[in-house]
Amino acid sequence: MPDTPAAAPRRSQRDRKQVKPFASSSQSPTKRKTDDDSLTELSDADDDHIDDNDDADGDRQDDEQDFAASKSKKRAAPQRKPKAPPAKKQRTAPPKPPKPKPRRTKLKPANGHFDPTKLASDTKINADNALFNTLLNPSAALQSTAEDFLHSLSQSAGTAQAELINCILRACGCNDSVDADQVIDYDGVVDALDNFTEGLKQENSPIYPLTSKMPAFKRFRASLSELLERLVLAAAELGSLYSTDLITTLQTWVIAMSSSQIRSFRHTATVVALEVETALCQVAAAVEKEAEIVARQREGERKRKAVNKSTAVREKDLDGKAAEVRKRRATLAEYLKEIVDGVFVHRYRDLDPNIRAECVKAMGSWFTHYPAHFLDGSYLRYVGWVLSDSSTHVRLEAVRALAVVYAQSEYVGSLTHFTERFKPRLLEMAGGDTELSVRTAVIGVLSVIDSNALLEDEERERMCLLLFDAEARVRKAVSAFVAGVWQEVADERVSAVAGRNKGEQVKARAGVKSLAMLLVKWGKALDRASEAAEEESEAGEGDAVPSRRIHLPSASGVDPRGRIVLAVEALWDEVDAVNDWECILDVLLLDHSASRDEDMDGPDSLVESARNTVDPAWRLEEVEETVLLEVLVASLRRAKLASTTSKKGDEETVVSDMTRALIKGLPRLFIKYQTDEGRISEVLLIPPLMNLDLYLEMRMMNAYASLWDDVSKQFLSHSSQSVLTKAVSAIRHFMAAMSLTNTNSTKILELEDELATQLRDAVAGREEIEVASFSEDEVLALGAVCARICALAGSRDICAWMEEDEGGKQSSAWDIIAALVERGRLGYKEEERMVEQGLHLLGLHVIWKARSLPDVKDTSPDSDTFRQALREQRDSLLEKLVDYVVGQQSNTAEVVKRAAFQNLMNLHILFCPSQATSPRGDVLPTEPLSLQLDEDVQQRCAGFIQSCIEQYAELLEDGGRAQDEEPESEHEDSSEEEAPAPTAKGGKGKGKSHPKTRAPSSVQPGQAPTRSLLEQEYQFMATVSTFLRAIRAGAVHVKHSDVLLANYGRLGPSFDLCTKVIIDVLREEGMYNEHGDMVVEVLKKALLESFSLVMDAVVKDEERMVGLAKQLATSFLVRGAQLAVVRRLDSRYVVKTHKDLLQEAIKHVSAYEKSKNKKRLSLSVSFFRALVPLLKGVESRDALAIKASLDQLVSDAKIEVKPTAKTWEPLRAYEKKLVSIMHKGAGKGRRAKGGAVGTSDEESGPEAEGRRHVGTGGGVEEEEAPVPVRETRARARPRPRAVVRRPPTPDEREEEHGSDVEMDAEVVQETPKSRPRVRVEDGGGDESPVKTPRARPSTREVPRSSLKRRRDEDDADEAEAETEAEAEGGADDDRHSVNPDEVPPSEDASTAQTSPTSEFIIRRKRARH
């Protein structure tokens, strides 16, 4: 072409030109002008004719008022007017070479790594579009591409626009194209797109760049956005944005494509439209700014006109410029409105969440670039609506958009209505959204809203309560908000200190006081919200879920003091008062009690002096002082932890500084809080944080001895388990300081002597302690002493102290405690704690002493004496324990029984024979003292566990009943109104709103358990876990585990975890120790006991029993990598399990069927649901034996199974599963033999018919079948509805059964019509699935089968038979579909009934003619 040579020099120049880097989209378009000569020439040429184009733009603007996506007839004629301006441009600038043709040649790779041809073959998207190839080329200069396109647009508008639309089509994955005439034919856009999409509809998932994971499309989204932005901004600078129909054409096509049914079209068009809108927003914002400048200039000219008359020309120029700016503003406003109305309004609620997210994200960009236009209620409402979107990504983009909105403080005043409308939703999302990223983002938005004073006090408090949320990210996100609230309160308190020096100490103390105030305030609000949530949950209201989620730490039953730790961790980097532990300690050491004493006696001057000791600005209340003490402990821990992660040496410095401060302050804290149990327990947490070696370095041994005395004093004066535990922890920390061994030895001996003195003083010299009478104070003292000794014995060996009797002058502590334990037989309730702690102490003594046992090879007299003494102490203790647990003492307290049981199990675990050998085979010192628990005692221990289970179940039931009573009474009217609707629809009482059962339920979903319930659960699980450990160690036989298995699913998830341990034991016993009979016994007893709970209505339905069966089924096999079966239980035990369970089940079914008790019959049949999971891993031969046993049992019990009755559905499902397993194995056998299955009688041969396999119990017998069945079957009538029996497609059946499809089809067609009636449920036996192609039934059974069919036909009519066939055909549900094999019927059934040997005959699949 003639213009191609002229274009070559320009291309080379452009290739050498330095391309300007892409600037951020937030910059003004006036700042993005390039320095290259070509763009300057284009700009100059365009400016010369911009006035001429204004008239055409005005006409185009008038015509575009009624712009529509689908129909553009009104716009078609005037849209051709803009073709004239490009012609003028060509005449005014003749040196400009045409650009479209050279750009067509830019198909060569920009570098050696980009090959559009290869990419086209990989993506199946044509590489015939230069713009699309540029987007895929990572090294392409997009600014140059935009300039080239605009130059092409000025030369040939239709061709350039067609190239742009074709680029969009390629981005949609479409290879169709439009030409220069089609692209401006706005009336034919919809028809053209319909033609394009017809081809794409044939592809299930066409590839398009925006969603493809191919590496070539990795940067496509960013490149597309950059190109469109550069294109629009450059067009605005050159004026072609207003003088051409570029945007109009683009809008017409994109709006139509955005409504396409094809996702690729809809998604890509939406993205293009939104990116164009974003670029237009930048242009509009620049024009808006330009209009403001022109307006100010005009105003200035008017003011100067009054003084100087010669400014008329300048004013006229400004008026013309203002008119031109107004035209551009109107054009841009119309463009913006078209895209919003044509694309955004429809696509922000698209079915695809990605498209919805794109829309919301784009709206956020518009808020940033053009806030003057888009920060309006008509646009903000869209973002507010999608806050409730189901997609997390969409909600997150909406929150990010709102963050942009509220970040522009100058527009916040206009957002008041929007904020008030959607603020409740934002608060709800902050506390209850399912995605953490959304919650943290919403918290940021609410923080900005609060900075503009748009949150109420109640809403701010609700935000602050998130400081105690269960999620660490949420606590961290809200910490900045809480810090702002704290700063406000602290500033108020500082300002209240009038007329004094407001130094750093004053501010620090005021900050500590403010922190304590806020934590107390929020803690009370948290408790109120938790109580309200519990009441609402009890009332059955569902709106309490968000509040429970917000206040999870309290609502979950966590110790409220744990909240402070969460708050300190979250606020550590935000609030100065939290990490200033020195100031906190200083404030706590002040005497705040005088300020709270309103009834002080004495002169007024003294009272006033006492009140002035602490400034009101940081005077603490009682509860604030308690909370601040917890903050101090948490802050010290956090400071020590933070020092460990810092640079080397900081940890030692921080701990040393803490220790120096605490050496002075800790004794004062002990003195101040020694009478307060709660506070002193917090103070006792401080000594383990200190570096005790510093006492020696500073030569402050007296201070260290005083610290020992302070801790010992609290240990000896308090009886609270919390105080004792923390005091023992401090003592253990003291004993670990090896440099202070002398002091430690002295102090621990003093402590032990004091304990011995307390014990003997409490006994008061009584000789017969077992039957002596004690006062209430003496009982309390004895219980406290036992608790202290037990706490100390838990971490320290005090065996020598326990047995010290001073040469027989006094009773040893062992004798005294043993005598006190004997009082457990009396059953005094006030002595429960004393006896319980005594039992634990004696058990710990035996365990500590066993730890000191000499080696087995040591047979010295001293060793023998030691062993004998330990044996005597152990046996005497065991005698008491057994008596308390399973003895005849009926008045023993439950607490004592639990303690005795736990110690009994622990001792037997310790001295169990199976535990007397190490894993390496070495004999342990406990071997000479091995102990075996009697079988009778084991049985009674299992009974004790059963009683504990029943007690705990009653506790849960009572709690559930108490929760149900109030809703039933409060909502009785609403329940009566809602009940009739389901009843009328479903009938037979299905509309009951409150079904009553005896099934206990621990805690409803989402409901917080009470503290008392958690304590009860802890005690119960402590007892159960001890029994479970005894089973695992071998001290108790695993056969007693059925008491735990039977209650699976009844007592909560913690209890259900015990099942896994028992399953592991059963696997080990059955597969590795060859104790399969024991496994069968345990499974049988557990399932039958669980079944009895269903029958007795103790549980609501059989779901728990089915869940137990699924768990027990895993004991039959062990799976390895990729679920491969590594080991399995011997098949004979699996078969035995099924047979035994079937016998019990049929017994119940038969009894209730005879008594005509339909309800109990339905429950008894439901037992077969539990048998289905037990078929996991069963092989076909075993399934055959189980099926034969089932048929025999049903036949012997004379049970009539109605084929369509819903009651018998579990039995039919179990039988169907068996048949499926049998046919699955048979299919595998035939495929393995390479198609050895015969398709006719001739192929099978008489020698194959002369044998049959008898599958009862796994045995095999061979019998001769004298007469073939072929002659009888020749007279069979064809079956009309054969296809109902074979739902799978022929291709699927051929894959599974090979060539059996044709044979099965023939069999079905030639089976007599009445044969579907003969089913296993009828007790007449069932057709046997093919196990192996060995034999076929004998003809001597044919007459009996015929009689059977006649009786069946007399019992039911033809309609019932067809109904049953349809039901059987629709019931096939799994991949083991074997319906064709179920059709051959009653010859085998008769054999199973009438054969003298009761043998089950296996028939081979073959053609019946």
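Up top is the structure these notes are about.
Residues numbered from 1 in each chain as written. Predicted model: local features only at pLDDT ≥ 70, side-chain atom pairs only at ≥ 80, totals over all residues. Heavy atoms only, no water.

Enquirer: Is there a simple way to explain the overall build of the protein chain in this structure?
Expert: Counting its regular elements, the protein chain contains 68 helices and two strands. Burial analysis of the protein chain (1409 residues in total) assigns 52% to the buried set. Long-range pairs, those at least 24 residues apart, make up 76% of the contacts in the protein chain with a sequence separation of at least 6. (Helix = DSSP H or I, 4+ residues; strand = E, 2+ residues; numbered from the N terminus. Buried < 20%, exposed > 50% of the residue type's maximum accessible area, 1.4 Å probe, protein only. Contact = heavy atoms within 4.5 Å.)

Enquirer: I'm lost on helix 10 (residues 157–171) in this one. Help?
Expert: Within an α-helix, residues lying three or four positions from one another point in the same direction, as the helix has 3.6 residues per turn. Between its first and last C-alpha atoms helix 10 spans 21 Å; for 15 residues at 1.5 Å apiece the expected length is 21 Å, and the two agree. Burial within helix 10 is extensive, with 14 of its 15 residues counted as buried. Just past helix 10, the residue Gly 173 takes up positive phi, approximately 85°. (Expected span 1.5 Å × (residues − 1).)

Enquirer: What is the right way to read helix 25 (residues 472–496) from this model?
Expert: Over its 25 residues, helix 25 runs 35 Å from end to end, which matches the ideal 36 Å to within 8%, given 1.5 Å per residue. Remark: the principal bend of helix 25, roughly 40°, maps to Ser 479. Taken together, the buried positions of helix 25 are occupied by Val 474, Arg 475, Val 478, Ser 479, Phe 481, Val 482, Ala 483, Val 485, Trp 486, Val 489, Ala 490 and Val 494. (Bend = angle between axes of the 7 residues up to and from the residue.)

Enquirer: How do you make sense of a positive patch on the surface when you look at a structure like this?
Expert: Taken together, Lys 1110, Arg 1119, Arg 1128 and Lys 1176 make up a surface patch of like positive charges. With respect to the secondary-structure elements, Arg 1119 resides in strand 1 (residues 1117–1119). (Patch = residues over 30% accessible without salt bridge, like charges linked within 9 Å, V, L, I, M, F, W, Y side chains within 5 Å. Areas by Shrake-Rupley, 256 points an atom, 1.4 Å probe, with all protein chains shown as cover. Salt bridge = Lys/Arg side-chain N within 4 Å of Asp/Glu carboxyl O. Lys, Arg positive; Asp, Glu negative; His and termini not counted. Charge placed at Lys NZ, Arg CZ, Asp CG, Glu CD.)

Enquirer: Before we go on, may I ask you to explain the packing of aromatic side chains in this structure?
Expert: Where two aromatic rings form a pair, the distance of their centres and the angle of their planes describe that pair. Here the structure, examined in full by the defined rule, presents 20 aromatic pairs. Ring centres of Phe 344 and Tyr 348 lie 5.7 Å apart, and the angle between their planes is 15°; this geometry places the pair in the stacked category. For Tyr 348, a relative accessible area of 10% corresponds to the buried category. Between Phe 418 and Phe 422 the ring centres are 4.9 Å apart and the planes differ by 45°, which places this aromatic pair in the tilted class. Here Phe 418 and its partner Phe 422 are both found in helix 22 (residues 416–432), four residues apart, which amounts to about one turn of the helix. Take Phe 418: its relative accessible area is 7%, and that puts it in the buried class. Overall, the relative accessible area of 8% leaves Phe 422 in the buried class. In textbook terms, an aromatic cluster arises when at least three aromatic residues are bridged by ring pairs, as seen for Phe 344, Tyr 348, Trp 366, Tyr 370, Phe 374, Tyr 379, Tyr 382 and Trp 385. Looking at Lys 849, its charged tip hangs above the ring of Phe 866, at a distance of 5.4 Å from the centre. We note Arg 874 situated over the ring of Phe 911; from NZ or CZ to the ring centre the distance is 4.7 Å. (Phe/Tyr/Trp six-rings, centres within 6.5 Å; stacked < 30°, edge-to-face > 60°. Lys NZ or Arg CZ within 6 Å of the ring centre and 35° of its normal.)

Enquirer: Mind showing me how you'd approach the pattern of salt bridges here?
Expert: Where charged atoms from two side chains of opposite charge come close, those side chains can pair. Counted under the stated rule, the structure contains 55 salt bridges. Between Lys 1039 and Glu 935 there is a salt bridge, with the nearest N and O atoms lying 3.3 Å from each other. Here the residue Lys 1039 occupies a position in the loop between helix 50 (1011–1033) and helix 51 (1042–1045), and Glu 935 occupies one in helix 47 (residues 935–970), the gap between them amounting to 104 residues. When salt bridges with common partners are traced through the structure, they connect Glu 622, Glu 625, Lys 672, Asp 676 and Arg 679 into a single cluster.

Enquirer: Hey, could you run me through a negative patch on the surface in this one?
Expert: Together, Asp 179, Asp 181, Asp 185, Asp 187, Asp 191 and Asp 194 make up a region of like negative charge exposed at the surface. Mapped onto the fold, Asp 179 is located in the loop between helix 10 and helix 11 (180–183).

Enquirer: Where do I start with the environment of Pro 209 in this structure?
Expert: Turning to its location among the elements, Pro 209 is positioned in the loop between helix 12 (189–200) and helix 13 (220–238). Spatially, the C-alpha atoms of Pro 209 and Thr 268 are 8.8 Å apart, while their sequence positions differ by 59 residues. Apart from the residues lying within four places of it in its own chain, the contact partners of Pro 209 are Ile 125, Phe 132, Arg 170, Ala 171, Phe 217 and Phe 220.

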